[in-house]
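# Examining the three-dimensional arrangement
Residues per chain, in single letters:
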Amino acid sequence: MQVSMIVAASENNVIGVDNELPWRLPDDLKFFKKQSLGKPVIMGKNTWISLGKALPGRLNIVISATLKEVPEGVLVFSRIEEALDYLRAQHHAEVAIIGGGQIYKAAMHLADVIYMTRVHTTINNGTAFFPVIAPGQWQLVWEEAHPADDKHAFAFTFQRWEAQKTNA
Ligand SMILES: NC(=O)c1ccc[n+]([C@@H]2O[C@H](COP(=O)([O-])OP(=O)(O)OC[C@H]3O[C@@H](n4cnc5c(N)ncnc54)[C@H](OP(=O)(O)O)[C@@H]3O)[C@@H](O)[C@H]2O)c1
């Protein structure tokens, strides 16, 4: 099963401010939908609260040790590894880890692919962050630029990174 992470981060790795996204970028939301639709998605409790409802067309999994009630169909696991084991047993081909900062940090070493939208701005009041993509451990295999326009306050670049697995 391929473990993918999907994220949009500023130049200084900010992904959230006060449990919301720092921007509104409709074409990035379309990219997110395209990459995640039909796949199980794993998110942390704060991201679940921030979304406010399950993402349609996807199996929604929340990682939390404290969450009490979720709508029917949404699954809760207390550890990321438990969720991945469950999905592997269900023979899913790919899972998308969709944030937020704490979950990305905990899952970085488990991921095979990162779909990164690098938003070309610096956010100074960030409260959630994406980990640094360590050079040597990850390879940039594709990117596509998107300019700023009347619907997008910032230019951004879609990127696909692949983990460099060592053959031990
Ligand atoms: N730009 C993007 O692409 C993007 C994507 C997603 C989210 N975001 C933003 O990210 C922010 C939320 O991120 P966040 O870092 O505050 O929270 P988070 O990662 O969404 O959720 C953290 C919570 O998940 C639970 N958890 C379970 N296993 C964990 C583990 N191994 N490590 C850490 N937490 C674990 C904990 O809840 P319990 O205490 O209940 O166990 C923890 O408090 C928001 O601003 C949101 O808008 C941005």
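Residues numbered from 1 in each chain as written. Predicted model: local features only at pLDDT ≥ 70, side-chain atom pairs only at ≥ 80, totals over all residues. Heavy atoms only, no water.

### Observations regarding the UniProt feature "domain: DHFR" (unreviewed entry) in the protein chain
UniProt records the feature "domain: DHFR" (unreviewed entry) at residues 2-163, using the numbering of this structure. As annotated, residues 2-163 has a helix share of 22% and a strand share of 33%, and its two end C-alpha atoms lie 11 Å apart. (UniProt positions renumbered as here; feature names shortened; annotations may be inferred. Helix = DSSP H or I, 4+ residues; strand = E, 2+ residues; numbered from the N terminus.)

### A look at the sheet that holds strand β4 (residues 60-63)
Across the sheet, 8 strands lie side by side as β5-β4-β3-β6-β1-β7-β10-β9; this open sheet has mixed pairing. Unpaired on one side and paired on the other, β5 (75-77) and β9 (138-146) mark the two borders of the sheet. Across the sheet, the mean angle from the axis of one strand to that of its neighbour is 25°, orientation sign disregarded. Relative to strand β10 (residues 156-163), strand β7 (residues 113-119) runs antiparallel, the two being bridged by 7 bridges. (Pairing = 2+ DSSP bridges. Axes fitted to C-alpha atoms, helices over the stretch in contact; angles between N-to-C directions.)

### As for helix α1 (residues 26-36)
Where α1 is concerned, the buried positions are P26, D28, F31, F32, Q35 and S36. Where the residues of α1 are buried, they touch β1 (2-10), β3 (41-44), β7, β9 and β10. (Buried < 20%, exposed > 50% of the residue type's maximum accessible area, 1.4 Å probe, protein only. Contact = heavy atoms within 4.5 Å.)

### Here we look at the pattern of salt bridges
Enumeration over the complete set of coordinates arrives at 5 salt bridges. For K39, the salt bridge goes to E94, with nearest N and O atoms at 3.2 Å. Of the two residues, K39 is situated in the loop between α1 and β3 and E94 in strand β6 (residues 94-97); the sequence distance between them amounts to 55 residues. Each member of the pair K39 and E94 is classed as buried. A salt bridge links R160 to E162; the nearest nitrogen and oxygen atoms lie 3.0 Å apart. (Salt bridge = Lys/Arg side-chain N within 4 Å of Asp/Glu carboxyl O.)

### Here we look at the site of the ligand
Around the ligand, the surrounding shell holds 27 residues, and the nearest of these are A8, T47, S64, A65 and T66. A distance of 3.2 Å separates an oxygen atom of the ligand from a polar backbone atom of E20. The contact in question runs from an oxygen atom of the ligand to an N or O atom on the side chain of N46, over 3.0 Å. Burial of the ligand by the surrounding chains reaches 81%, relative to a free accessible area of 930 Å². Looking at the shell around the ligand, the elements that each hand over two or more residues are β1, β2 (14-16), α2 (45-51) and α4 (101-107). Of the residues forming the shell around the ligand, the biggest block, 5 residues, is contributed by α4. (Near = heavy atom within 4 Å. Polar contact = N/O pair within 3.5 Å; in protein donor to acceptor, adjacent residues only side chain to side chain. Areas by Shrake-Rupley, 256 points an atom, 1.4 Å probe, with all protein chains shown as cover.)

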